[in-house]
Amino acid sequence: MILSQPVAWLVLLLTAACTNVPTGGEPAFPPDQLLHFQEWQVIETASGRPVDTESWLRELPTYDIVYLGEEHHNHHHVQAAVRVIESLVGSGYRPVLAMEMFAWDGQSALDRQILEGGADRERFLQEARWRENWGGPYDDYEPLIRIARERRLPVLALNAPLSLVRRVAKQGLAAAQQDPEAARWGMKDEPIVDDPAYRDRIIRQLQQCHGGGPDSLYQQMYEASMFRDEGMAKTLIQTWRASRSGPSTDHRPIISYTGGGHIQYNLPIPKRVTRRGEGTVRQVTIYMASFEPARTHELQEIIKDGIADYVWLTPMSQHGPPRRCK
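Residues numbered from 1 in each chain as written. Predicted model: local features only at pLDDT ≥ 70, side-chain atom pairs only at ≥ 80, totals over all residues. Heavy atoms only, no water.

Another point: the overall build of the protein. Scanning the protein from terminus to terminus reveals 15 helices and 10 strands. Looking at the protein as a whole, 56% of its 326 residues are labelled buried. Pairs at least 24 residues apart make up 80% of the contacts formed inside the protein by residues separated by at least 6 positions. In the structure as shown, the protein presents an accessible area of about 14,400 Å², 49% of it carried by carbon and sulfur atoms. (Helix = DSSP H or I, 4+ residues; strand = E, 2+ residues; numbered from the N terminus. Buried < 20%, exposed > 50% of the residue type's maximum accessible area, 1.4 Å probe, protein only. Contact = heavy atoms within 4.5 Å. Areas by Shrake-Rupley, 256 points an atom, 1.4 Å probe, with all protein chains shown as cover.)

A few words now on the packing of aromatic side chains. This structure, assessed with the given rule, holds 12 aromatic pairs. Centre to centre, the rings of W40 and W312 are 6.3 Å apart; their planes meet at 75°, and the pair counts as edge-to-face. Of this pair, W40 sits in the loop between α2 (31-34) and β2 (42-44) while W312 sits in strand β9 (residues 310-314), placing them 272 residues apart in sequence. Every member of this aromatic cluster is reached through a ring pair, and the members are F102, F124, W130, W134, Y138, Y141 and Y257. Cation over ring: R201 sits above Y265, and NZ or CZ is 3.7 Å from the ring centre. A cation over an aromatic ring shows up here: K234 above the ring of W104, its NZ or CZ 5.7 Å from the ring centre. (Phe/Tyr/Trp six-rings, centres within 6.5 Å; stacked < 30°, edge-to-face > 60°. Lys NZ or Arg CZ within 6 Å of the ring centre and 35° of its normal.)

So, about the sheet that holds strand β7 (residues 254-259). Pairing is mixed across the open sheet formed by 8 strands, whose spatial order is β3-β2-β9-β8-β4-β7-β5-β6. Edge strands, defined here as strands with exactly one partner in the open sheet, are β3 (49-51) and β6 (155-159). Between one strand and the next, the sheet's axes are offset by a mean angle of 30°, whatever the strand orientation. Of the strand pairs in this sheet, β2 and β9 are connected by 3 bridges, and their pairing is antiparallel. Directly across from E44, in β9, lies its bridge partner Y310. Helix α8 (residues 142-151) rests against β5 (96-103), β6 and β7 of the sheet, and its axis sits at about 140° to β5. (Pairing = 2+ DSSP bridges. Axes fitted to C-alpha atoms, helices over the stretch in contact; angles between N-to-C directions.)

Note on placement: Y310 falls in strand β9. Its relative accessible area of 11% is what places Y310 among the buried residues. Separated by 266 residues in sequence, Y310 and E44 have C-alpha atoms that sit 4.6 Å apart. Among all residues touching Y310, those that are not within four sequence positions of it are V42, I43, E44, T45, V51, W56, V284, T285, I286 and Y287.

Attention shifts here to the pattern of salt bridges. Between side chains of opposite charge, a pair can form when the charged atoms approach closely. With the rule as written, the count across this model stands at 22 salt bridges. Between R151 and E86 there is a salt bridge; the shortest N-O distance is 2.8 Å. Within this pair, whereas R151 is found in helix α8, its partner E86 is found in helix α4 (residues 75-90), the two being separated by 65 residues in sequence. Across the pair E190 and R276 runs a salt bridge, and its minimum N-O distance is 2.7 Å. Of this pair, E190 sits in the loop between α11 (180-184) and α12 (196-209) while R276 sits in helix α14 (residues 270-276); the two residues are 86 residues apart in sequence, bridging distant segments of the chain. R276 shares its class with E190; the two are buried. Each of E190, E230, R272, R275 and R276 takes part in a single network of salt bridges with overlapping partners. (Salt bridge = Lys/Arg side-chain N within 4 Å of Asp/Glu carboxyl O.)

The element β6 is largely enclosed, with a buried count of 5 among its 5 residues. Relative to β6, β5 is paired through 4 bridges, and the arrangement is parallel. Paired with A103 across the strands is N159, a residue of β6.

On to α12, then. Under the 1.5 Å per step criterion, the end-to-end length of α12 is 20 Å for 14 residues, consistent within 8% with the ideal 20 Å. Restricting attention to buried positions, one finds in α12 the residues Y198, R201, I202, I203, Q205, L206 and C209. (Expected span 1.5 Å × (residues − 1).)

The next subject is the pairing of β5. Here β5 lies mainly inside the structure; 8 of its 8 residues are buried. Strand direction decides the pairing type here: β5 and β7, joined by 4 bridges, are parallel. When the sheet's bridge partners are listed, M99 is paired in β7 with Y257.

Right, dumping it as structure tokens:
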């Protein structure tokens, strides 16, 4: 199948682990502190120092939404998410797990898999439209579905269907929102806010990661990215509001599990959730990063720049270090 240029570039946008690496500037930390970075540390970016992980995990229920931003296909990041879930469950909470890897048209299949179980793997993937909307190896994320089923935790399909995102990439945002599919998924009249800080960072990263395209193509990719982030923010805020309408004792932290690019600098999803929740949603962002001693200075730069509230250092995946754009 031959894809049109906007759609082909959209596939790159959705699948590439594009990480912008700041360069230059003064060192963020004394040289001796760099030597103490190690796998599985959690670094608070405000201070640049590690925190006690167990104490930190016990503080997570104080937030309404806990954002975990992963490097795609790093099973250590899924391990970290499982650890967060187990900690919350062990403290008496029943978190909602919201996953970028599933789209809204797979929600009913997710519900059946969690509540009933028993569906064979292939049938579940077909009914959840996994290949149509994500397409990567399901093995990478199966542990999250498994623990949710074992613990009877709700799993939320976070993403807009890829067919709808493709319409935005191909037709432009204004035209795509008039399409019947946008109305079907409640996105026809949704405000898609074009934030200048978000635009600057996303366009710059698109150009660094996918150089060589015309400005019009970057605009289409940007609109598709903005549409996805707004849709995910909409899903999160709806779930948060529903939880607030229940008994006051039924506090369910939402664990938002997406690629790290969707939470960086609080711009893509968290800022949109803040706007929609009128500043009343308590949020924390956790950027999971492969610890590679040879790139310690890159690590110190993203911490110094405040890429998230915390950076969680993990081992590298079996695929090696993620692609970084310079």
